[in-house]
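Next come the chains, spelled out residue by residue.
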Amino acid sequence: MRIQLLFLVAEFAIMSSALTLEKPFSFKDTPGKLPKEVVPTDYSVRIVPDIDKLTFAGTETVKLNVRSAVRQLVLNALELQIEAASLDGRELPASAIKTDTKSELLTLALPSELPTGEHTLTLRFAGKINEQGQGLFYMRYQEYGSGARKTMLGTQFEATDARRFFPCWDEPVFRARVQLTAVVPENWLAVSNMPIESEKKIDGGKEVRFAATPPMSSYLNVFVAGELDSIESRSGPTQLRVITTKGKAEMGRYALEATAKILQYYNDYFGVAYPLPKLDQIAIPGGFGGAMENWGGITYYESKLLFDPKSSSAETKQDIYEVLAHEMAHQWFGDLVTMAWWDNLWLNEGFASWMGSKCTAHFNPEWEVWLRHELPRDPSRRVGIAKEAAMEGDARSTTHPIQQPVATETEANSAFDDITYKKGQSFLRMLESFLGENPFRAGIRRYMAAHSYSNTTTADLWNALSEASGKPVAEIAAGWTEQPGFPLVKVKREQDGNVSLSQERFAVNFTKAPPLEWKIPLTYAVTGETPATLLMTGKFGSIHNILPDRALKLNVNGAGNYRVEYDEPSWKLLLGVLKNLGVEDRVNLLSDAWALVQANRAPIGLYFELVEKLPASTDLAEREQITHVLDFINRLLSGSSEQEKFQQYARSLLRPTFDAIGWKAEPEDRPATVNLRGSLITALGNLNDPKIIAACRERFKDFLSNPDSLSPDLRPAVFSVVGRYADESTWNELHQLGLKTTSIEEKQNYYDALADAIDPKLVKKTLPIALTDELPTSRAIFLVLRVARESGHPNVAWDFARANIKALLAKADALGANTYAPSLFTFFSDNLRAQELRTYAKKSLPVASSPQVAKAVDEIQFQSEFKSRLAPQLSAWIDGKNTAEPRISAIRDH
Ligand SMILES: [Zn+2]
């Protein structure tokens, strides 16, 4: 993974004052449950699914390399019935076979000691085809065009679910070749990691035999089958395909073309060519909401891969590119070279996130990738800059280091969080800008060449980067990956042209945060001069010879993972030169100012003064940073007496930008302008702007009689505003449209709009849809989260969820079960709810959910405290404006 639609996930903070530098990879020292004496080298697996009974029968032969004599074999199996086992041709008695559901282990007791050397294990087993994306699962969907109900199969193994498909050594360090054979109906297409080697007709269908994979980790295997179509091309020796359900293959054209370009870019960047004969990009209509980097056969939730020029939006196009680039980066970082254990998951995910963004930005410089894209794009969460999302979580008491111990399957699954993906990405970006693009790439090439078809720890990466750059990377990196949090750098102007710097830990709602220090690769620029770097190695530092009238900006382009607090003279100088700063630096100042307000280090006036002093601009990322903050405050004030006054003020900030770009798409619009238009319509709609609401209703009416009248780029925003203020008949119209369409993307737009309705009567109509099969299983339960976030009635959403929790969780995977209820509480800002969640968790949630509960409790407490602080500050700021000279923008629109 996996880009998933994750619920809130975090671990308790692990505070360690002394940093212990990690050791390079060694097989025997790698953590895990499985003994290391026996190593599988080759699996041959045959699977026969029964689609009607939702079960499958399997057999497998495993070649074993026994490194020291053993009396038993221990491997993983879960929800598999082991019917027979034999070793070197001799059948083991049934009493020798033990499966333990809790430890997820299969133990085979041997009649005598098994000597070192090569041995062969044969197993016969039976398993089930699941509804959720765990192991082998089925998806029911409406076929494109005909609308006929169809069923197809897929697999999802990361982190620990290959063991539901075949008994195996299901820990990433046990690399082995896998040769898969499967029996499917004759009119089906079957896909796996490798090309089909042979196919023959047999009773009840056809038997498809795939070529054996190179040695790889078990979680990267894949099997997808159904009534599928494909389009294909080539890039050098590599066959490229996009595979879809029948009728949709042409919608894969955009992804197919992007794949060819990205593959070339990576072949060059990594210095090692893509090693498999083919790469399939497979669109599946359910199972999970994201994408999974199975080697040679990447699976995507359909709307993350397919682009229909007639109905898909510009946002979708950009999402597809970035997800493609992320998953393809994994084909090297993750698949060819794999982290030894889940405690180093960030090596996979932080790296793929960074590389994917870098590649996307390279081919699409106009998309402002570094400034805005957040993956995963989770409908229940605020959209924002990836780096900012990570920093918000990392400032709290519930954060954890990038590298964290993982002992259990639950912990492995919980490791897929913002810290792993986004802090990992953000740190790598800071490191690259410090080491330089070329030395950094040289280090990556060295790492790839040294560790292909093998496993690594973070230490191996630092060693390669150190050798290539000549800089002590491990020493700098340790503070960022082995301890939680990040620093705040305080800037103070001295009399003599010196600027003194000091660092401390930046914390929000975390009064007793243990103090920590970092080695900070600082960058800074004085107006009119070239940027410079400075490695700040202790608590204090200084910059010399800065003319007293020149503005000084730290964290050039916002590429560093730290916050900056300027003293008043420095801040005033910066406010005076805003128009000379690039958009990256302006966004960085906005983000830092907002974070200082959250941390109670500054009043809200600091942020809004900056917003008002910014030059007029239609830069997407800058405006989105502002809409993100306004949206947060608007939700926080929901139902309060201050909300209306705030909405009026907020609209006055956004209206001039919208008026400048207008409703009508112009041929010369930049892609960013197209995104901004949708973004502002949603934001102004949320802020109750009567003109926007009326215009959206009018456009929706036209759309009903002539769908082509509304550009696909505007549809999500227009539907959302119409849905928000819908009456019953409008709600019904949106619902009918959602039921009818066979496009996953359009369907999501309509159901999102239903979930946005604020009328409590309609909220009660929307929620039960989560229990039906109108939406794919993986999406249905998110509807409740979206209602909780958007409707202004999180209490109604929670009451519904509590009453139906069993049915809802039946649609979630194990991780979802731990995080679902806590996630619903994060939309509350009343302290009593924190207590309610604690009580509920004690009675009804597994212990494994405690990190998520802690995170939700922290969020409620933060919002409660922030709300009481913010309300009077906002009032004072807005009233202060109204008594001052009226500004044109403030008196226009209402
Ligand atoms: Zn990933």
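Residues numbered from 1 in each chain as written. Predicted model: local features only at pLDDT ≥ 70, side-chain atom pairs only at ≥ 80, totals over all residues. Heavy atoms only, no water.

### Some points on the overall build of the protein
Assigned secondary structure in the protein consists of 29 helices and 29 strands. Across its three principal axes, the protein shows a C-alpha extent of roughly 90 × 65 × 55 Å. Here the protein holds 894 residues, and the buried ones make up 64% of them. For the protein, contacts bridging at least 24 residues in sequence account for 72% of all contacts bridging at least 6. Of the accessible surface of the protein, which amounts to about 32,500 Å², a share of 52% is contributed by carbon and sulfur atoms. (Helix = DSSP H or I, 4+ residues; strand = E, 2+ residues; numbered from the N terminus. Buried < 20%, exposed > 50% of the residue type's maximum accessible area, 1.4 Å probe, protein only. Contact = heavy atoms within 4.5 Å. Areas by Shrake-Rupley, 256 points an atom, 1.4 Å probe, with all protein chains shown as cover.)

### A word on the nonpolar core
Formed by 231 residues in total, the largest nonpolar core has its most connected members in Tyr266, Tyr607 and Phe608. A total of ten residues in this core trace back to one element, the largest contributor, which is helix α1 (residues 253–270). Tyr607 has contacts with Leu590, Ala593, Trp594, Val597, Gln625, Ile626 and Val629, leaving out every residue within four places of it along the chain. (Core = buried A, V, L, I, M, F, W, Y, C linked by side-chain atoms within 4.5 Å.)

### Regarding the sheet that holds strand β26 (residues 532–536)
Across the sheet, which stays open at both edges, the three strands sit in the order β26-β25-β28 with antiparallel pairing between neighbours. Either end of the sheet is taken by a strand with one partner, and the two such strands are β26 and β28 (552–554). Within this sheet the neighbouring strands show an average axis-to-axis angle of 30 degrees, counted without direction. Where strand β25 (residues 520–526) and β26 come together, five bridges link them in antiparallel fashion. Across the sheet, residue Ile520 finds its bridge partner in β26, namely Met536. (Pairing = 2+ DSSP bridges. Axes fitted to C-alpha atoms, helices over the stretch in contact; angles between N-to-C directions.)

### Some remarks on helix α27 (residues 831–844)
In a regular helix each residue adds 1.5 Å, so 14 residues correspond to 20 Å; α27 covers 20 Å between its end C-alpha atoms and thus fits that length. Listed as buried for α27 are Arg833, Ala834, Leu837, Tyr840 and Ala841. For α27, the arc enclosing every buried residue in end-on projection is 130 degrees, short of the 170-degree limit, so these residues lie on one face. The exposed set on the far side of α27, more than 90 degrees from its buried face, consists of Leu832, Lys842 and Lys843. (Expected span 1.5 Å × (residues − 1). Arc of directions from axis to C-beta.)

### Remarks on the pairing of strand β18 (residues 278–284)
Side-chain positions along a regular strand alternate between the two faces of the sheet. Of all the seven residues making up β18, seven are buried; the element is thus mostly covered by neighbouring parts of the structure. Alternating positions in β18 separate into two faces, Lys278, Asp280, Ile282 and Ile284 on one and Leu279, Gln281 and Ala283 on the other, with burial throughout. Where strand β17 (residues 238–245) lies against β18, five bridges are found, and the strand directions are parallel. The partner of Val242 across the bridge, within β18, is Gln281. For the handedness criterion, the β-α-β arrangement of β17, α1 and β18 is classed as left-handed. Where β18 and strand β20 (residues 297–301) come together, five bridges link them in parallel fashion. Along β20, the bridge assignment pairs Asp280 with Gly297. (Right-handed = clockwise from strand over helix to strand, strands pointing away.)

### Observations regarding the packing of helix α12 (residues 583–598) against helix α14 (residues 620–636)
Angle between the axes and distance between the axes are the two parameters that describe a pair of packed helices. In the contact formed by α12 and α14, the axes pass within 8 Å of each other and the chain directions differ by 15 degrees. Considered as vectors, α12 and α14 are oriented roughly parallel to each other. As α12 runs across α14, the sense of the crossing is left-handed. Here Val583, Arg586, Val587, Leu590, Ser591 and Trp594 of α12 come into contact with α14, specifically with Ala621, Glu622, Gln625, Ile626, Val629, Phe632 and Ile633. Grouping the amino acids of the contact of α12 with α14 by side-chain chemistry returns nine nonpolar, two polar and two charged. (Parallel < 35°, antiparallel > 145°, perpendicular 65-115°, else oblique. Left-handed = near helix turned anticlockwise from the far one by under 90°. Nonpolar A, V, L, I, M, F, W, Y, C, P; charged D, E, K, R; others polar.)

### What about the packing of α1 against helix α3 (residues 345–363)?
Axis separation between α1 and α3 bottoms out at 11 Å; the angle between their running directions is 120 degrees. Crossing of α1 over α3 shows right-handed handedness. Contacts between α1 and α3 involve Lys261, Ile262, Tyr265, Tyr266, Tyr269 and Phe270 on the former and, on the latter, Phe351, Trp354, Met355, Gly356, Lys358, Cys359, His362 and Phe363. Across the contact of α1 with α3, the residue classes tally to ten nonpolar, two polar and two charged.

### Regarding helix α8 (residues 437–451)
Taking 1.5 Å of rise per residue, 15 residues should cover 21 Å, and α8 covers 21 Å from first to last C-alpha, within 8% of that figure. Turning to α8, its buried residues number three or more, namely Phe440, Gly443, Ile444, Tyr447, Met448 and His451. Along the long axis of α8, the arc covered by the buried residues comes to 135 degrees, so they all point the same way. Pointing more than 90 degrees away from the buried face of α8 are the exposed residues Asn438, Ala449 and Ala450. Lining the buried residues of α8 we find α1, β21 (337–339), α3, α7 (418–435), β22 (454–456) and α9 (458–469). Looking one or two places after α8, you find Tyr453, whose phi comes out positive at around 55 degrees.

### Brief notes about the side chain of Glu565
Structurally, the position occupied by Glu565 is in strand β29 (residues 563–566). Every residue in contact with Glu565, bar those within four places of it in the chain, is listed here: Leu488, Val489, Lys490, Val491, Leu596 and Arg601.

### Considering the environment of Ala551
Tracing the sequence through the fold places Ala551 in the loop between β27 (540–543) and β28. Separated by 20 residues in sequence, Ala551 and Trp571 place their C-alpha atoms 8.2 Å apart. For Ala551, the residues in contact, after removing those within four places along its chain, are Arg493, Ala525, Val526, Thr527, Leu573, Leu574 and Val577.

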